[in-house]
Each structure stands twice: as structure tokens, then as C-alpha cells.
Amino acid sequence: IIHAVKILLQKSNQPPLENEEDVDNVLEAQIALEVIKEAKEEVLSGNWYFNRDTNYEMSPDNDGFIIIPFNILDLASDDSDLIIRNWKLYSKSEQSFTFDEAQTVDIVWNIPFNDIIHPIRHYITVVAARKFQARQVGDGNSYSFTQEDEQKARLMARKSNDRMKKNNIYDSGYGQNYMQSGGL
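Small disclaimer: the values here were computed from a predicted structure and weren't measured. (Residues numbered from 1 in each chain as written. Predicted model: local features only at pLDDT ≥ 70, side-chain atom pairs only at ≥ 80, totals over all residues. Heavy atoms only, no water.)

A.B. asks: Would you mind showing me how to read the pattern of salt bridges here?
C.D. replies: Note on pairing: side chains with opposite charge can pair once their charged atoms come close. By the definition in use, this model includes six salt bridges. Put simply, Lys131 and Glu42 hold a salt bridge, and the shortest N to O gap is 2.9 Å. Of the two residues, Lys131 is situated in helix α4 (residues 118-136) and Glu42 in helix α3 (residues 27-44); the sequence distance between them amounts to 89 residues. A relative accessible area of 44% places Glu42 in the partly exposed class. If you follow the salt bridges from partner to partner, you end up with Glu38, Glu42, Lys131 and Arg135 in one network. (Salt bridge = Lys/Arg side-chain N within 4 Å of Asp/Glu carboxyl O. Helix = DSSP H or I, 4+ residues; strand = E, 2+ residues; numbered from the N terminus. Buried < 20%, exposed > 50% of the residue type's maximum accessible area, 1.4 Å probe, protein only.)

This is the structure we're talking about:
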């Protein structure tokens, strides 16, 4: 993640960091780190294969509660009955937090930045850099990363994600966009 912080600072004409300890001592580096975390959660909340588990079984504890880990960005059930409330699983139909058996849900995980593969880390970094530049510099014309750069990075991230999934052009995100825009 320190590499991403350095890129944000460099692209905003900030002085480079000498070492990792500088992140704690340089306000701009601290801000850059927070923007990267924000961009990471924003990107990972999208519809990605690599950080999503479908039909994930969650078991209740001894008191019947299913505690939601803090590294979950989103959760859904097939019947839309189960939701997150107070970081516990909640049944809307039963109006209850307690369960007698395991529940099956779809989960979107918040993965640590350094555990994410390069194309997606790069996309997150470009998103973060554009946010950081807008907030720190404030001049949209001086962005060193453009909207086109962000779109290219997103496309490469989607291609990588779809390779993991072994998609073809008809069921991949970029293939669907192409078909919706009149392609084929």
C-alpha cells in the first residue's frame, strides 16, 4: 500500500516519502492513505468475482446470534429476508437476531490492499489518485490521471476478474456493456 501512497503523492506534485515511517509524519501521506482505503472499499463493493462468495454458510454462536465480521462490505440472501443490523444477521420476516441453524448468504469481502492482484490494485490506485488530486489540488485540468486512465484501468481490472471467472464475451462485464451499446 505504501507504493500506492507514493503514487498519489507523486501525481499530485507532493514531495516523495523517504521511508514507510514518513506516512505517520506527513499529513498528505496520511490523507492519501485514507483516500486509498476509501477507493478500495468503493471499488471492492462492485460486482467482482474475486472477493464475492455465493452460498456462504454462517453459523450462529452459542446465543443464536450470527455476528457479521467487519471485513464484509455487503451481504444478501436469496429471499431478501436476511440483512445486516448492528453487525449481526437479522431476519426481517421473524424480526429476530437469533437463529437455530446456519444461514446461507452471498458476501462481498473487504480484502486487504496488499492481498489484491495487481490489475485491481492499479485500478484502486488510479481511482484514489483522481480523488486525492481533486481534494488536494482542486484543479480538474491538472490531473495527471485522467478519466480515460481510470476507464482503462477499470477495463484491465474487469478483464483480470473475468479471467478468474473464465467468462466469455457474452457473460462478462465488458462484453455485456459492448452488447448493450449495440455491438454484435
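A.B. asks: Could you clarify how one ought to interpret the packing of aromatic side chains in this entry?
C.D. replies: Two numbers describe a pair of aromatic rings. These are the distance of the centres and the angle of the planes. Across all of its chains, the model carries five aromatic pairs by this definition. One aromatic cluster is present, built from ring pairs that chain together Trp48, Phe50 and Tyr123. Sitting over the face of the ring of Tyr90, Arg85 holds its NZ or CZ atom 4.1 Å from the ring centroid. Above the ring of Phe65, the side-chain terminus of Lys88 is found at 4.7 Å from the ring centroid. (Phe/Tyr/Trp six-rings, centres within 6.5 Å; stacked < 30°, edge-to-face > 60°. Lys NZ or Arg CZ within 6 Å of the ring centre and 35° of its normal.)

A.B. asks: It is not clear to me how the pairing of strand β4 (residues 88-91) should be interpreted in this structure. Could you clarify?
C.D. replies: The two faces of a sheet get side chains in turn, since along a regular strand they alternate between them. Pairing geometry for strand β3 (residues 82-85) and β4, over four bridges, is antiparallel. Bridging across to β4, Leu82 finds its partner in Ser91. Two successive antiparallel strands, β3 and β4, enclose a turn made up of two residues, where Asn86 displays a positive phi of approximately 55°. (Pairing = 2+ DSSP bridges.)

A.B. asks: I would appreciate a short explanation of the nonpolar core in the present structure.
C.D. replies: Core analysis: the biggest nonpolar cluster contains 39 residues, and Val5, Met58 and Leu75 have the highest contact counts within it. Those elements giving two or more residues to this core turn out to be α1 (2-11), α3, β2 (72-76), β5 (103-109), α4 and α5 (147-165). (Core = buried A, V, L, I, M, F, W, Y, C linked by side-chain atoms within 4.5 Å.)

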